[in-house]
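Okay, here's what each chain looks like letter by letter:
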Amino acid sequence: MTAQKNATLFFQGITSESNHRKIEIPSLYRALKVQRDHSPSLSMCKCGLTPIGNTQGAELIVSNKGARFAGMQTCGSQWCVTCQAQNKEVRKDSINRGLETAKDRGYHRYFMTLTIPRSNDAKQQIEDLQKGWKGLQDKISYRLKRQDNEMYFVRNHDVTFKISGSEIFHQHLHIIIILKNKFDSFTEFRKRSLEDMIYFLKQGYKFNDQDKLIIESWEQFLMVTWYDVQKKNNLKCSLDAQDVQKVNDDDESSDTLSKYLVKFWSLGHELACFTHKKGKTGKLINEYGSIGYMQLLGFIDKGSKKSIEIYRDFLIAVKGLRTMGKSQNWKHLAPPLELANDHDEEEVKLSIFVNPVYWHILKRPKLINGFAGYDALCIAINQIKHLPNEVLKEMLRFLHSPPNGQFAHCKTNYQRLFQFLTLFKW
Ligand SMILES: [Zn+2]
């Protein structure tokens with residue numbers, strides 16, 4: 001059987017089948033399209049598309065994980081829909097091991113969410129949050145030094161958006177805090193203002209007979225200190241919007257642990273969110289609620305102009321910001337490991353060199369159905385990856401062969417590629 005025949009059979013199979021089913025474009029490519037069309041950062045727009053070094057063409061890898069181009073420059077942004085996943089496994093592993101070690105040693109484990117008021121100034125919010133976190137750390141280390149205690153932490157910067165309304169951004173911190181020894185309760189030296197006293201009493205805090213605030217636990221210490229730091233920075237602070245939870249070592253709370261970790265890891269980046277379904281209920285979210293980063297991209301995909309503005313404002317504000325951080329001593333809980341990187345588990349089925357001519361065509365923006373050629377090609381391959389390798393190989397060889405047969409009428413490479421992709425309902 002010649003290559004030509006193989007390919008024809010294959011195309012017939014695909015076209016008759018795909019006439020009956022609607023091909024769904026994977027969320028990843030739709031999210032990537034949003035990023036490439038609207039990110040204010042050039043490196044994010046071009047992420048994964050410029051070959052490293054002087055290679056003129058590109059290498060297309062088809063594996064059990066789908067299709068991708070190898071040897072490309074990446075942006076490394078923690079808000080990039082593809083790059084953010086790269087170090088995720090390493091980070092997850094470090095956090096898990098840290099939590100395990102802490103449990104084994106009998107340390108005290110806590111989860112904390114710190115917030116500042118919602119606003120429409122993303123940049124200011126970051127500055128306030130960073131200032132607050134710095135202030136909190138200073139006060140913690142002063143107190144712990146006096147108690148001969150030690151703290152370990154991992155911190156994650158997260159954000160939610162409200163598309164409608166003026167207070168768009170809600171940036172906050174998720175922090176895992178581990179305390180070496182039990183926290184000693186103490187009574188504050190100074191006397192609180194009447195306003196503070198009323199507020200803390202309402203929140204269930206206790207005062208001694210000299211009207212001084214008693215800090216009974218580490219949770220209370222963190223809450224009160226965050227409150228003070230925010231007030232000092234002239235920001236409103238509601239204790240109801242903060243959260244500190246202790247993780248107990250019994251089985252019951254391992255559920256709490258995993259729930260929190262999911263929140264901690266997701267960064268609002270889970271691709272599943274792109275389709276606007278909420279959790280297991282499958283309920284659709286709307287623009288009036290609070291949405292995550294991926295959901296914002298989803299709204300842009302659906303044509304929301306306001307979301308584009310918000311997306312750009314946000315990315316400009318977080319430029320250069322490190323979203324993840326951990327304490328220096330975290331390595332004592334979880335020594336860094338050389339983990340197998342993600343691509344190692346990849347089972348490569350095919351590796352095809354895309355010659356410079358085709359690469360040049362593929363690089364054109366919005367080549368097919370509004371998608372750039374490279375993404376269109378990956379999408380087409382992802383739709384058909386369940387097909388035998390030999391067939392796939394023939395198909396891709398077809399791309400490189402001189403115009404004949406089915407493609408004979410295509411005068412230019414552009415037409416040929418277009419024809420090729422339309423066979424897959426593209
Ligand atoms: Zn990237």
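Bear in mind that the values here come from a model prediction, so they are computed numbers and not experimental data.

Along the protein chain, the regular secondary structure elements total 15 helices and 15 strands. Counting only residues that meet the buried cut, the protein chain has 27% of its 426 residues in that class. Look at the contacts in the protein chain between residues 6 or more apart in sequence, and 70% of them connect residues 24 or more apart.

Looking now at helix α2 (residues 27-38). Relative to the 16 Å expected for twelve residues at 1.5 Å per residue, α2 spans 16 Å between its end C-alpha atoms, a close match to the ideal helical length. Taken together, the buried positions of α2 are occupied by R30, A31, L32, K33, V34, Q35 and R36.

Time to look at the sheet that holds strand β11 (residues 243-247). Pairing is antiparallel in the open sheet, where five strands are placed in the order β11-β5-β7-β6-β14. If you trace the sheet from one side to the other, it starts and ends with β11 and β14 (324-326), each paired once. Between one strand axis and the next, the sheet turns by 15 degrees as a mean value, whatever way the strands run. Two elements, strand β5 (residues 108-115) and strand β7 (residues 169-179), share eight bridges in a ladder whose sense is antiparallel. When the sheet's bridge partners are listed, F111 is paired in β7 with I176.

What follows concerns the sheet that holds strand β9 (residues 206-207). Strand order in the open sheet formed by three strands is β8-β10-β9, with antiparallel pairing between adjacent strands. In the strand order of this sheet, the two ends are held by β8 (186-187) and β9, each with one partner. Inspection of the sheet shows β9 paired to strand β10 (residues 213-215) by two bridges, in the antiparallel sense. In the strand pairing of β10, K206 is matched with I214.

Formed by 32 residues in total, the largest nonpolar core has its most connected members in I176, I177, I178 and W226. Contributing elements (two or more residues each) for this core: α4 (88-104), β5, β6 (151-161), β7, β10, α7 (218-232) and α11 (330-333). Considering each element in turn, this core owes the most residues, seven residues, to α7. Those residues in contact with I177 that lie beyond four places of it in its chain are Y110, M112, M151 and F153. Within the second largest apolar cluster, 24 residues are counted, among which are A31, W79, F169 and M294.

Quick look at unusual backbone geometry now. In this structure, D148 takes a positive phi of about 55 degrees despite not being glycine. Checked against the element boundaries, D148 lands in the loop between α5 (122-146) and β6. With a phi angle near 60 degrees, N234 is a residue other than glycine that sits in the positive phi range. Relative to the helices and strands, N234 resides in the loop between α7 and β11.

Another aspect to go through is the packing of α5 against helix α10 (residues 305-317). Running from N to C, α5 and α10 cross one another at 40 degrees; their axes reach a closest spacing of 8 Å. Crossing of α5 over α10 shows right-handed handedness. Note on element contacts: α10 touches α5 through D313, F314 and A317, opposite A122, K123 and I126. Of the residues in the contact of α5 with α10, the class split is four nonpolar, no polar and two charged.

Glancing now at the packing of α2 against helix α9 (residues 293-301). For the pair α2 and α9, interaxial distance at closest approach is 9 Å and the crossing angle is 80 degrees. Considering the angle they form, α2 stands roughly perpendicular to α9. Between α2 and α9, the contacting residues are R30, A31, V34 and H38 on the first element and M294, L297, I300 and D301 on the second. Taken together, the residues of the contact of α2 with α9 sort by class into five nonpolar, one polar and two charged.

Turning our attention to the environment of Q171. Summarising the element assignment, Q171 is placed in strand β7. Using a count of 22 C-beta atoms within 10 Å as the deciding quantity, one classes Q171 as buried. With eleven residues separating them along the chain, Q171 and T160 place their C-alpha atoms 6.4 Å apart. Among all residues touching Q171, those that are not within four sequence positions of it are Q125, I126, L129, H157 and V159.

Looking along a regular strand, one sees side chains alternate from face to face of the sheet. Burial analysis of β6 places nine of its eleven residues in the buried class, the great majority of the element. As paired strands, β6 and β7 are joined by eleven bridges and run antiparallel to one another. Pairing of V154 across the sheet is with I176, part of β7.

Time to look at the environment of N329. Within the secondary structure, N329 sits in the loop between β14 and α11. Among the residues examined, N329 registers 13 C-beta atoms within 10 Å and is labelled partly exposed. Spatially, the C-alpha atom of N329 lies 6.3 Å from that of Y152, the residues being 177 residues apart in sequence.

With that out of the way, let us pick up the confidence of the model for the protein chain. Detailed reading of predicted coordinates is not advised where the pLDDT is low. Taken as a whole, the protein chain shows an average pLDDT of 81; of its residues, 77% reach a score of 70 or greater. Taken element by element, the predicted model of the protein chain shows its lowest mean pLDDT in helix α1 (residues 3-18) (35) and its highest in β10 (97).

The rules behind these values
- Every chain's residues receive numbers from 1 upward, in the order its sequence appears when written.
- In keeping with the predicted nature of the model, local features appear solely for residues at pLDDT of at least 70, side-chain atom pairs appear and are counted solely at 80 or more, and the whole-chain, interface and lining totals rest on all residues.
- Numbered from the N terminus, helices here are DSSP runs of H or I no shorter than four residues, and strands are runs of E no shorter than two.
- We call a residue exposed when 12 or fewer other C-beta atoms sit within 10 Å of its C-beta, buried when the count reaches 20 or more, and partly exposed for counts in between; the C-beta positions come from the backbone.
- Our contact criterion uses C-beta atoms placed from the backbone: two residues qualify when those atoms are within 7 Å.
- Any helix carries an expected span of 1.5 Å times its number of residues minus one.
- By definition, two strands form a pair when at least two bridges between them are found by DSSP.
- Note on geometry: axes are C-alpha line fits, over the in-contact stretch for helices, and angles between N-to-C directions span 0 to 180 degrees.
- Only buried Ala, Val, Leu, Ile, Met, Phe, Trp, Tyr and Cys residues enter a nonpolar core, and they are joined through C-beta atoms within 7 Å.
- Handedness of a helix crossing follows the sense of rotation of the near helix relative to the far helix, less than a right angle counterclockwise being left-handed and clockwise being right-handed.
- Classification convention: Asp, Glu, Lys, Arg as charged; Ala, Val, Leu, Ile, Met, Phe, Trp, Tyr, Cys, Pro as nonpolar; all other residues, Gly among them, as polar.
- Any angle from 65 to 115 degrees is called roughly perpendicular, while one under 35 is roughly parallel, one over 145 is roughly antiparallel, and all others are oblique.
- Summary of the metric used: pLDDT quantifies the predictor's per-residue confidence within the range 0 to 100.

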